[in-house]
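Each chain, written out:
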Amino acid sequence: MSLADKHAIIYGGAGAIGGAVAHAFAAAGATVHLAGRDKTALDKITAEIAAAGGKVHSGVVDALDETAVAENIDAIAAGVGHIDISFNAISVPQTGVQGIPLTQLTAAAFTDPVTTYTRSNFITATAAARRMQQQGSGVILTVTADPARRGTPFMGGMPAAWSAIEALTRGLSAELGASGVRAVGIRSQGIPETGTIATVFGLHAQALGIGVQDFHAIIEQTSHLHRLPTLREVAATAVFLASDAAAAITGTIVNLSAGSVSD
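Below or above, wherever it landed, is the structure these notes cover. Just so it is clear, the structure is predicted and the values come from calculations on it, not from any experiment. (Residues numbered from 1 in each chain as written. Predicted model: local features only at pLDDT ≥ 70, side-chain atom pairs only at ≥ 80, totals over all residues. Heavy atoms only, no water.)

**A short note on the packing of aromatic side chains**
Inclusion rule: The pairing test for Phe, Tyr and Trp rings, Trp by its six-membered ring, is centres within 6.5 Å, and the orientation test on the planes gives stacked under 30 degrees, edge-to-face over 60, and tilted for anything in between. To qualify as a helix, a DSSP run of H or I must reach at least 4 residues; to qualify as a strand, a run of E must reach at least 2; elements of each kind are numbered from the N terminus. Exposed residues in this analysis have more than 50% of their type's maximum accessible area, buried residues have under 20%, and partly exposed residues fall in between, with area computed by a 1.4 Å probe over protein chains only.
Taken as a whole and assessed by the stated rule, the structure comprises one aromatic pair. Judged by centre distance (5.2 Å) and plane angle (75 degrees), the ring pair of Phe201 and Phe215 falls under edge-to-face. Placement of the pair is Phe201 in helix 6 (residues 195–208) and Phe215 in helix 7 (residues 212–221), with a sequence separation of 14 residues. Classification of Phe201 by relative accessible area gives buried; the value is 7%.

Next up, the structure:
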């Protein structure tokens, strides 16, 4: 599953998932280009990867800004000649989004995450796709969560956002496959190691009137493995899907829910 000589752009590269995947890509031999809005956080991940011997660059890029994303990709491509992997791992604050019944949400609270996630994934994926089509190869990776496939209370607009991203992933594959470009999604259950899920579990526990650890235990029991996926497992899956070992995998969403969703 070597990624040697490949160049990967990771949006949300300073976040928990983006950072874990960045470390894994670099360890597999890729040159990683981190993009995000928090320079301090980006610098920290960049320093960690460099200290481990990885090849890494970073830049402040707003993944919701179509012009900024295009300019960043153009600059990278001009310097290295090709873009091989694009992975969007952005996130938004979940307070005011999750943990609230749909009947008590405002329309803005419901649609804001839908608009943010779909806009960002569309911008980053299509910007990379245009480059990848020209070179005749490349992999676009997306990440979603299991409520995209099952009814889950108090999720607000997040299931709609994730479902839209999965539909976008399949559409990209259908349009780009003939050019040698793959589009694959990763659908995970909540990852307790991340700050976002720690917050989300707290919001849901409060909505149900139980403790956070009790809610965590309930979620674990919904999976066949009676546990939740780890950052390391998500990152390892991303490496496999981005590698030539997965050359025939496209147009699908890889189930990393530990059995919370049965396909």
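On we go from here.
**Points about unusual backbone geometry**
One non-glycine residue, Asp5, lies in positive phi territory at about 70 degrees. Take Asp5: it is sitting in the segment before strand 1 (7–11). Of note in the backbone geometry, Ala258 takes a positive phi value of approximately 60 degrees without being a glycine. Looking at the element boundaries, Ala258 is found in the segment after strand 7 (252–256).

**Regarding helix 3 (residues 66–80)**
Stated precisely, the cut-off is as follows: Here a helix's expected span is defined as the number of its residues, less one, multiplied by 1.5 Å. The arc in question is formed by the directions pointing from the helix axis toward the C-beta atoms.
Relative to the 21 Å expected for 15 residues at 1.5 Å per residue, helix 3 spans 21 Å between its end C-alpha atoms, a close match to the ideal helical length. All buried positions along helix 3 are accounted for by Val69, Asn72, Ile73, Ile76 and Ala77. Taken around the axis of helix 3, the buried residues stretch over an arc of 130 degrees, which confines them to a single face. Of the exposed residues in helix 3, the ones pointing more than 90 degrees away from its buried face are Glu71, Ala75, Ala78 and Gly79.

**Let's talk about the pattern of salt bridges**
Spelled out, the test is: What counts as a salt bridge is simple: a side-chain nitrogen of Lys or Arg found within 4 Å of a carboxyl oxygen of Asp or Glu.
Taken as a whole and judged by the stated rule, the model has nine salt bridges. Ionic pairing is found between Asp244 and Lys6, a salt bridge with its closest N-O pair at 3.5 Å. Highlighted residues: Asp244 in the loop between helix 8 (231–242) and strand 7 and Lys6 in the segment before strand 1, separated in sequence by 238 residues. A residue is classified by how much of its surface remains accessible, and Asp244, at 57% relative accessible area, is exposed. Here Arg187 and Asp263 are joined by a salt bridge, their closest N and O atoms 3.9 Å apart. Of the two residues, Arg187 is situated in strand 6 (residues 181–188) and Asp263 in the segment after strand 7; the sequence distance between them amounts to 76 residues. Residue Arg187 is classed as buried on the basis of its relative accessible area, which comes to 3%. Take Asp263: its relative accessible area is 64%, and that puts it in the exposed class. Because the salt bridges share partners, they merge into one network encompassing Arg149, Glu166, Arg187 and Asp263.

**A short note on helix 7**
The cut-off we apply is this: When checking whether two residues touch, look at their non-hydrogen atoms; a contact exists if any pair is within 4.5 Å.
Listed in full, the buried residues belonging to helix 7 are Phe215, His216 and Ile219. End-on view of helix 7: buried residues confined to an arc of 105 degrees, all on one side of the axis. As for helix 7, its buried residues are in contact with helix 6.

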